[in-house]
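# Structure assessment
Letter by letter, the chains look like this.
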Amino acid sequence: MSFLSQFDPQIAELIKNEEDRQNNKIRLIASENYVSEAVMEATGSILTNKYSEGYSGKRYYEGQQMIDQIETIAIERAKKLFGADHVNVQPYSGSPANLAVYLAFINPGETILGMALPHGGHLTHGSKVSISGKYFNAVSYGLDESTGLLNYDTIRSLALEHNPKIIVAGHSAYSRQLDFKKFREIADECGAILFVDMAHFAGLVAGGVHPSPVPYADVITTTTHKTLRGPRGGMILCKAEHAAAIDKAVFPGCQGGPHNHTTAAIAVALKEALDPAFKEYASQIIKNAAALADELAANGFNLVTGGTENHLMLIDLRNKGVTGKQMAKAMDKAGIVCNYNSVPNDDRKPFDPSGIRIGTASVTTRGFQEEEMKKIAGWMTKIAMDHDNEELLLTIEKEVRALCDSLPVPKVFV
Ligand SMILES: *Cc1c(COP(=O)(O)O)cnc(C)c1O
């Protein structure tokens, strides 16, 4: 980044320091990952200079000879990877993709049924602080108090009681796989659109280690930067009959010009995801999460739902005498980064909740395996017991750095 260092050393240095941070820390934030250099090059390319409102072959600006091809390649790769009828690769990110889905199917004031934020749903699934909860009549389902699992009978009763136009299935912090067939049956029973938000687990679906919502959902949104390991962006997949409505809702409904540099980087990431190596990556993410969950449970950590079937887990720290924020801050000092998170029926506030959320997408990208998961669980156990012991945190930080040095972040994945 020689030009940046020359012109704006202040920003250049901060980026360099952030790169060091990403290399030297164990990153357990479940929504984060590392992209390949190939994806990074496309993201940082001159495609950022081009305006392309519209779609391939139907643009409002000239000069689309290359852009039309790039967008078509991205769409074709996404269709192939997920087996979808139709794909829109223009949403700026996951939240705008979700907004476009609402615009395509419902009017203000109409009812949506989604997973409650404190139980693992996303802001955009009807939270009162989000446009999805302000403009629509949002009803939410949560986890069963006794099992910590989704209860499909409860979801069905809520659906029959409230008659939502859209049922949202998907989550940011639920460690179990979803039963899309059951969601489909419930949606059919009340005549709702089934909208699956696979932002978190899209990479697992792509890698064949999580059931695919494609045969069941009317419409699916995803981010491209979580387990799918692409640039920051969003996509919408849908059945052929909804293609026109979705395209219209994205542009001109919610957005102007697509981010062509991101579209190109999505195409590159999808090429990586179509390679057999990605299947191994996805399967190792799950093995790592299972190993980490087992070890943490053996050390007395209380996992919401009792374990994990995907890349993430939510830890309820109430039995450990430490809050989510205290734990996350202590872990960060020790070089292990996560986020604090509300747990179901949390008695604490969202900004200082009782749990933490961790995931294995990033550490798996850098080559960590079951053995490293054991080490992480061991460190977390020590930290939970003694979270304000600065000396302990410093000692762990050194060990973490040594482990990171031994498994540097790769630049090429395929
Ligand atoms: C991350 C996430 C989103 C939003 O993605 P952004 O790119 O942050 O806007 C939407 N839905 C779910 C379930 C998510 O986990």
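For the structure itself, consult the block above.
Report on the accompanying structure. The structure displayed is predicted, hence computed values, not measured ones.

Moving on to the pairing of strand β7 (residues 166–170). Counting buried residues in β7 gives 5 out of 5 residues, a clear majority hidden from the surface. Taking every second residue as pointing to the same face, both faces of β7 are buried, with Ile166, Val168 and Gly170 on one and Ile167 and Ala169 on the other. Sheet analysis places strand β5 (residues 111–115) next to β7, joined by 2 bridges and oriented parallel. Each bridged residue has a counterpart across the sheet, and for Ile112 the counterpart in β7 is Ile166. Where β7 lies against strand β8 (residues 193–197), 5 bridges are found, and the strand directions are parallel. Bridged to Gly170 within β8 is Asp197. The parallel pair β7 and β8 is bridged by helix α8 (residues 180–190), and the resulting crossover is right-handed.

In this structure the tally under the stated criterion is 18 salt bridges. Residue Lys79 is joined to Glu76 by a salt bridge in which the shortest nitrogen-to-oxygen separation is 3.6 Å. Here the residue Lys79 and the residue Glu76 both occupy positions in helix α4 (residues 65–82), the gap between them amounting to 3 residues, near one helical turn. You can call Glu76 partly exposed: its relative accessible area is 42%.

Each pair of packed helices can be described by the angle between their axes along with the distance between the axes. Taken N-terminus to C-terminus, the directions of helix α12 (residues 276–298) and helix α15 (residues 370–385) make an angle of 35°; their axes are 8 Å apart at the nearest point. Classified by chirality, the crossing of α15 by α12 is right-handed. Taken together, the residues of α15 that come into contact with α12 (itself represented by Gln284, Lys287, Asn288, Ala291, Leu292, Glu295 and Leu296) are Glu370, Met373, Lys374, Ile376, Ala377 and Met380. Grouping the amino acids of the contact of α12 with α15 by side-chain chemistry returns 7 nonpolar, 2 polar and 4 charged.

Looking now at the sheet that holds strand β9 (residues 219–223). Taken together, 7 strands build an open sheet; the order of strands is β4-β10-β9-β8-β7-β5-β6 and the sheet is mixed. In the strand order of this sheet, the two ends are held by β4 (86–88) and β6 (137–141), each with one partner. The mean inter-strand angle of the sheet, taken between neighbouring strand axes irrespective of direction, is 20°. On top of the sheet, helix α7 (residues 152–162) reaches β5, β6 and β7; it is set at about 160° to β6, its chief contact.

This part covers the site of the ligand. Residues in contact with the ligand amount to 14 residues; listed here are only the nearest, Ser93, Ser95, Ser172, Asp197 and Lys226. Ser95 places a polar side-chain atom, nitrogen or oxygen, 2.6 Å from an oxygen atom of the ligand. One of the side-chain nitrogen or oxygen atoms of Ser172 is found 2.8 Å away from an oxygen atom of the ligand. Expressed as a share of its isolated accessible area of 390 Å², the protein-covered part of the ligand is 86%. In terms of residue count, the dominant contributor to the shell around the ligand is helix α5 (residues 94–105) (3 residues).

By the secondary structure assignment, Ser146 is in the loop between β6 and α7. Within polar-contact distance, the side chain of Ser146 engages the side chain of Asp144 at 2.7 Å.

Attention now goes to the environment of Thr154. With respect to the helices, strands and loops of the structure, Thr154 is situated in helix α7. Placed 142 residues apart in sequence, Thr154 and Ala12 show a C-alpha to C-alpha distance of 52 Å.

It is worth spelling out helix α13 (residues 324–333) at this point. By the burial criterion, the buried members of α13 are Gly324, Met327, Ala328, Ala330 and Met331. Summarising the axial view, the buried residues of α13 lie within an arc of 165°, below the 170-degree limit, and thus occupy one face. Each element contacted by the buried residues of α13 is listed here: β13 (336–337), β14 (339–341), β15 (355–359), α15 and α16 (390–406). Downstream of α13 by a residue or two, Gly335 has a phi angle that is positive, lying close to 90°.

What follows is about the layout of surface pockets. For the largest pocket, the calculated volume is near 1600 Å³. Around the largest pocket sit 43 residues that line it, and Gln22, Arg27, Glu32, Asn33 and Arg232 are the ones nearest its centre. Counting residues per element, the ones that place at least two in the lining of the largest pocket are α2 (9–24), α3 (37–43) and β14. Across the lining of the largest pocket, the residue classes tally to 15 nonpolar, 17 polar and 11 charged. The calculated volume of the second largest pocket comes to roughly 200 Å³. Together, 13 residues line the second largest pocket, and Ala277, Glu280, Tyr281, Gln284 and Thr364 are the ones closest to its centre.

Calculation notes
- Residues numbered from 1 in each chain as written.
- Predicted model: local features only at pLDDT ≥ 70, side-chain atom pairs only at ≥ 80, totals over all residues.
- Heavy atoms only, no water.
- Buried < 20%, exposed > 50% of the residue type's maximum accessible area, 1.4 Å probe, protein only.
- Helix = DSSP H or I, 4+ residues; strand = E, 2+ residues; numbered from the N terminus.
- Pairing = 2+ DSSP bridges.
- Right-handed = clockwise from strand over helix to strand, strands pointing away.
- Salt bridge = Lys/Arg side-chain N within 4 Å of Asp/Glu carboxyl O.
- Axes fitted to C-alpha atoms, helices over the stretch in contact; angles between N-to-C directions.
- Left-handed = near helix turned anticlockwise from the far one by under 90°.
- Contact = heavy atoms within 4.5 Å.
- Nonpolar A, V, L, I, M, F, W, Y, C, P; charged D, E, K, R; others polar.
- Near = heavy atom within 4 Å.
- Polar contact = N/O pair within 3.5 Å; in protein donor to acceptor, adjacent residues only side chain to side chain.
- Areas by Shrake-Rupley, 256 points an atom, 1.4 Å probe, with all protein chains shown as cover.
- Arc of directions from axis to C-beta.
- 1 Å grid on protein atoms, 1.4 Å probe; cavity = no way out; pocket = protein on both sides within 12 Å on 5 of 7 lines; lining within 4 Å.
- Points joined across faces, edges and corners; volume = space filled by probe spheres on them.

On their own, these measurements won't tell you what the molecule is for.
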